Amino acid sequence: MSRQYVIRKLLIMIPSLLGISVVLFSLLALAPGDPFDELATNPAVPPEVRAALRAKFGLDDPVWMRYWHWLTALMQGDWGFSFVSRMDVSTLIMQRLPVTLVVIGASQILAIAVAIPVGVLAATRPYSLFDQIANTFAFIGFSLPTFFTGLVLILIFSIQLDWLPFVYRADISATGWEFYWEHIKQSIMPVAVLGLFQGAALVRFVRSSVLDVIRLDYVTTARSKGIGERKVITRHVVRNALIPVVTLVALQMPIVFSGAVVTEQIFRVPGIGSLLITSMLSNDTPVVMGVTFVSACLVVIFNLIADILYGWLDPRIAYR
C-alpha cells in the first residue's frame, strides 16, 4: 500500500466532510424552533437584550453567512457556544466523546469476536445442527431492537439477579482496581446490547462470504497439495472472506451510532448520544450541529480505515 494512496484518501475526505457540514447546517438552520424561545417568553429579559444576543450569535443573518462564520470558527478550533449549558461546545463534546468511543469500540470488538468464529464454523458445517442454531440466534438477534434487549437485560441482571447496575455513573468514588471494576460492570450491558445486535447481522454475512470463497478453485488446489483443512480455512478462506465483511462493518457505522444513541438513553450513559437528545429537546442548535458533525467525521474515518484494511487482507488489490 503506497503512501500516496493514503494521502489521496485523506484529501477525498475534505470535500466529503464539507458537503456533510453544508447539509447538516442547512437542515438545522431551516428546522423550526429557536434556541432563544425561553428568553422570548421571559418577561425579566428586556427586548433589547434579546436583540443584542441574537445579533451577537448571528441568528438573524442569512443561512450562508451563518454557515461561513461557523466554518471559519471551526477551522480555528471554535465549535460554538452552548446556549443551555453556558459553555463551549468543544468542551461538552470532549467530556462525552471518550465514553461513547469506549462503548462503541468495545461493542464492535465483541461483535467481530462473536461473528467471525461462529460464521466460519457455520459455513464449514452447512445445514448442520450448529449451523441451524447459529442462524436461529442470528435472526433473533438482529430482529429485536436494541431498546427491547436493553430492557430485557435490565430486568434479568439488574432487577431479578441484582448483578449489574442499570444506571451508568460517571462519579464513582472508588480507587484502584475497584474503580476499573465498577466501570467494567456498568459497561457490560450497554456493550452487550450493541455488540450482540451487530454481531448477529455479521454472523449471517460472514457465513455467506465464507461459503462463496470456500468453493473457489484456489481453495481446492490448496487442499490437493495436502495442506491441512484448518490451514486452508485460516490462511486461504477466512482472509479473503473478510474483505466484504470489512465493507459491511464500515457501512454499518451510522447504524451503530444511532443504536448507541438509544442505548445511552436506556442505561443513562453520559455519552454524545444522550447529549444529542438533550440538546435537541432544548433547541441547543450549536451542540446538535457539533455532535452530528463529529459523528459524521467518525463514520468517514472508519470508512478510511476499511479502505486501508483492504490492502492488508488482500495484497492483490491495486491502489491506483
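Residues numbered from 1 in each chain as written. Predicted model: local features only at pLDDT ≥ 70, side-chain atom pairs only at ≥ 80, totals over all residues. Heavy atoms only, no water.

Draft legend 1. Up close: the overall build of the protein chain. The helix and strand tally for the protein chain stands at 13 helices and 0 strands. Along its sequence from the N terminus, the protein chain presents helices and strands in the succession α-α-α-α-α-α-α-α-α-α-α-α-α. Here the protein chain holds 320 residues, and the buried ones make up 40% of them. Counted over contacts in the protein chain with a minimum sequence separation of 6, partners at least 24 positions apart contribute 72%. About 18,200 Å² of surface is accessible on the protein chain, with carbon and sulfur atoms providing 68% of the total. (Helix = DSSP H or I, 4+ residues; strand = E, 2+ residues; numbered from the N terminus. Buried < 20%, exposed > 50% of the residue type's maximum accessible area, 1.4 Å probe, protein only. Contact = heavy atoms within 4.5 Å. Areas by Shrake-Rupley, 256 points an atom, 1.4 Å probe, with all protein chains shown as cover.)

Draft legend 2. Expanded view of the confidence of the model for the protein chain. Residues at a pLDDT of 70 or more form 89% of the protein chain, whose mean pLDDT is 80. Across the protein chain, the secondary-structure element scoring lowest on mean pLDDT is helix 2 (residues 37-40), at 58, and the one scoring highest is helix 6 (residues 129-143), at 88. (pLDDT = per-residue confidence, 0-100.)

Draft legend 3. Structural detail: the nonpolar core. Formed by 32 residues in total, the largest nonpolar core has its most connected members in Ile-93, Phe-267 and Val-291. Looking at this core, the elements that each hand over two or more residues are helix 5 (89-124), helix 7 (146-160), helix 8 (177-214), helix 11 (253-267), helix 12 (272-281) and helix 13 (285-313). Among the elements that make up this core, the one with the highest residue count is helix 5 (7 residues). Leave out the neighbours within four places in its chain, and Val-291 touches Ile-93, Ile-272, Leu-275 and Leu-276. (Core = buried A, V, L, I, M, F, W, Y, C linked by side-chain atoms within 4.5 Å.)

Draft legend 4. Structural view of the pattern of salt bridges. What the rule picks out here adds up to 1 salt bridge. The partner of Asp-131 in a salt bridge is Arg-207, with the nearest N and O atoms 2.7 Å apart. Of this pair, Asp-131 sits in helix 6 while Arg-207 sits in helix 8, and the two are 76 residues apart along the sequence. The residues Asp-131 and Arg-207 share a single accessibility class, namely buried. (Salt bridge = Lys/Arg side-chain N within 4 Å of Asp/Glu carboxyl O.)

Draft legend 5. Main features of the packing of aromatic side chains. Counted by the stated rule, this structure contains 7 aromatic pairs. With 6.1 Å between their ring centres and 40 degrees between their planes, Phe-157 and Trp-163 make a pair best called tilted. By way of ring pairs, the aromatic residues Phe-25, Tyr-67, Trp-70, Trp-79 and Phe-293 are connected into one cluster. Between the NZ or CZ atom of Arg-207 and the centre of the ring of Tyr-127, over which it lies, the distance is 6.0 Å. (Phe/Tyr/Trp six-rings, centres within 6.5 Å; stacked < 30°, edge-to-face > 60°. Lys NZ or Arg CZ within 6 Å of the ring centre and 35° of its normal.)

Draft legend 6. The arrangement of the packing of helix 8 against helix 11 in detail. Running from N to C, helix 8 and helix 11 point in directions that differ by 150 degrees, and their axes come no closer than 10 Å. Relative to helix 11, the element helix 8 is oriented roughly antiparallel. The hand of the helix 8/helix 11 crossing is right-handed. Only Ile-255, Val-256, Gly-259, Ala-260, Thr-263 and Phe-267 of helix 11 make contact with helix 8, whose side of the interface consists of Met-189, Pro-190, Val-193, Leu-194, Phe-197 and Gln-198. The residue makeup of the contact of helix 8 with helix 11, split by class, is 9 nonpolar, 3 polar and no charged. (Axes fitted to C-alpha atoms, helices over the stretch in contact; angles between N-to-C directions. Parallel < 35°, antiparallel > 145°, perpendicular 65-115°, else oblique. Left-handed = near helix turned anticlockwise from the far one by under 90°. Nonpolar A, V, L, I, M, F, W, Y, C, P; charged D, E, K, R; others polar.)

Draft legend 7. A look at the environment of Ile-272. With respect to the secondary-structure elements, Ile-272 resides in helix 12. Take Ile-272: its relative accessible area is 4%, and that puts it in the buried class. Ile-272 sits 180 residues away from Leu-92 along the chain, and the two C-alpha atoms are 8.7 Å apart. Beyond its immediate chain neighbours, meaning those up to four positions away, Ile-272 contacts Ile-93, Arg-96, Leu-97, Thr-100, Glu-264, Val-291 and Ser-295.

Draft legend 8. Representation of the packing of helix 5 against helix 6 in the model. Where helix 5 meets helix 6, the axes come as close as 8 Å, and the angle between the chain directions of the two elements is 135 degrees. Classed by the angle they form, the pair helix 5 and helix 6 counts as oblique. Every pair of crossing elements has a handedness; the one defined by helix 5 and helix 6 is left-handed. Of the residues in helix 6, those touching helix 5 at Val-118, Leu-121 and Ala-122 are Phe-130, Asp-131 and Ala-134. Among the residues forming the contact of helix 5 with helix 6, the class breakdown is 5 nonpolar, no polar and 1 charged.

Draft legend 9. How the structure looks around helix 12. Taken residue by residue, helix 12 has Ile-272, Gly-273, Ser-274, Leu-275, Leu-276 and Ser-279 as its buried positions. Immediately downstream of helix 12, the backbone of Asn-283 shows phi near 55 degrees, a positive value.

Draft legend 10. A look at the side chain of Thr-100. Of note, Thr-100 is situated in helix 5. Relative accessible area serves as the criterion here: at 2%, Thr-100 is assigned to the buried category. There is a polar contact of 2.8 Å between the side chain of Thr-100 and the side chain of Glu-264. Ignoring anything within four residues of it in the chain, the contact list for Thr-100 reads Glu-264, Gly-271, Ile-272 and Gly-273. (Polar contact = N/O pair within 3.5 Å; in protein donor to acceptor, adjacent residues only side chain to side chain.)

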